[in-house]
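The chain contents come next:
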Amino acid sequence: MSAYEEALNHFKQLLDAQLARAERIKNAAPAKRYSAETPVTVGLIPGDGIGPVIMDETKRVIDVLLKDELAAGTIMLKPIDGLTIERRLALNQPVPADVLTAVKACDVLLKGPTTTPKGGTMESANVTLRRELDLYANIRPVQIPAEGIDWIFYRENTEGEYVLGSQGIQPTEDLAMDFKVTTDAGTRRIARAAFEYAKANGKTNVAIVTKANIMKKTDGMFSRIAHEVAQDYPGIEAEDWYIDIMAANLVNPAIRSKFQVFLLPNLYGDIITDEAAQLQGGVGTAGSANAGDQYAMFEAIHGSAPRMVEQGIAAWANPESLLRALAMLLRHIARPASAERLEKALNAASARLRMTGEPGGNTAKDFGDAVIEELA
Ligand code: IPM
Ligand code: MG
């Protein structure tokens, strides 16, 4: 078979798989609901790079913060090892089968960063987990109270540029193509999540951020469906923005505090949430939720920072990101009082420490100690 025919064949397979995925979304089971009494199993995945450092501190905080629930068995912790870059490469599996089985036996996950190999064909562990657990909503809050900024990003997390990111084609030395995918059902569910959040939290504006002037089919559909969903939420304004000008808006102090809720396709959401986190004080300060109807995974917004490990300064990583993710996890499982207690301790600890990510500043352990002190 010629490379050209192979590419056509490959494309046909992709098309069939995506059509089947779209059907699965439409027929998905209803969402799991939590109450304060629901027993919950929390999987703890340290990941690699600085992951184990920030997970160790987070675990120490959990033991203090959730002491009673851990003793009563209403919250159960399940450490899940084996999701390291070395093991993933050795097994040639983005998420080793035993890890996936352990993950699926949990309700929610708290996960440290995992290294994503550049190039090659090995898929990112995050992308695999998001797909396997159908974690379609990537939710990222950013707050700068002094400026009145209270943003929340609803990033679509299972399609767009990511879903086939490891399955592009290169039929000749000369030509490489990747694919971007948008489905009606996949857009509808993330749009619904964003508008439901807005409604429940008294927000009056949702910014739908695309590049629909260029990505006419995929982003065009995303914007159109988002506006359709908006019809069900009178009183909440749905505004279209292009991603380029939105990237500029976020660094424009004259207007940025007026934005409330952002709804975006996958890749734009990836990029702009790092920008937003940096404005808040750095990616080390930002947590992130990956939520689906059955599972949810909470993690730091940033990567595994292999450079910090190489330079021998991993001990100076900031665990705040993972602890913020823990607060989001606690809200998700209907433990808002514990979440609030943690957030207060985090605000106090970060105000009195100086986390610089290098010697001279405070260490991860200093941060863990400070949070535990604040909880007392
Ligand atoms: C994120 C990260 C991931 C992404 C990587 C690690 C695959 O950057 O969660 O934003 O690109 O989504
Ligand atoms: Mg990112």
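Residues numbered from 1 in each chain as written. Chains lettered and ligands numbered in written order. Predicted model: local features only at pLDDT ≥ 70, side-chain atom pairs only at ≥ 80, totals over all residues. Heavy atoms only, no water.

1. Remarks on the packing of helix 2 (residues 51-65) against helix 12 (residues 320-332)
It is at 9 Å that the axes of helix 2 and helix 12 come closest, and there the two elements cross at 40°. Considering the angle they form, helix 2 stands oblique to helix 12. Remark: the crossing between helix 2 and helix 12 carries right-handed chirality. Residue-level contacts link Ile54, Met55, Thr58, Val61, Ile62 and Leu65 of helix 2 to Ser321, Leu322, Leu323, Leu326 and Leu330 of helix 12. When the residues that make up the contact of helix 2 with helix 12 are grouped by side-chain class, the tally is 9 nonpolar, 2 polar and no charged. (Axes fitted to C-alpha atoms, helices over the stretch in contact; angles between N-to-C directions. Helix = DSSP H or I, 4+ residues; strand = E, 2+ residues; numbered from the N terminus. Parallel < 35°, antiparallel > 145°, perpendicular 65-115°, else oblique. Left-handed = near helix turned anticlockwise from the far one by under 90°. Contact = heavy atoms within 4.5 Å. Nonpolar A, V, L, I, M, F, W, Y, C, P; charged D, E, K, R; others polar.)

2. Examining the pattern of salt bridges
For side chains of opposite charge, pairing can occur when their charged atoms come near one another. On inspection of all chains with the given rule, the structure shows 31 salt bridges. Close ionic contact of Lys365 with Asp369 constitutes a salt bridge, the shortest N to O distance being 3.1 Å. Of this pair, Lys365 and Asp369 are both found in helix 14 (residues 364-375), 4 residues apart, which corresponds to roughly one turn of the helix. A residue is classified by how much of its surface remains accessible, and Lys365, at 46% relative accessible area, is partly exposed. Note on Asp369: relative accessible area 24%, which makes it partly exposed. Bridged by salt links that share partners, the residues Glu57, Arg60, Lys365 and Asp369 form one connected network. (Salt bridge = Lys/Arg side-chain N within 4 Å of Asp/Glu carboxyl O. Buried < 20%, exposed > 50% of the residue type's maximum accessible area, 1.4 Å probe, protein only.)

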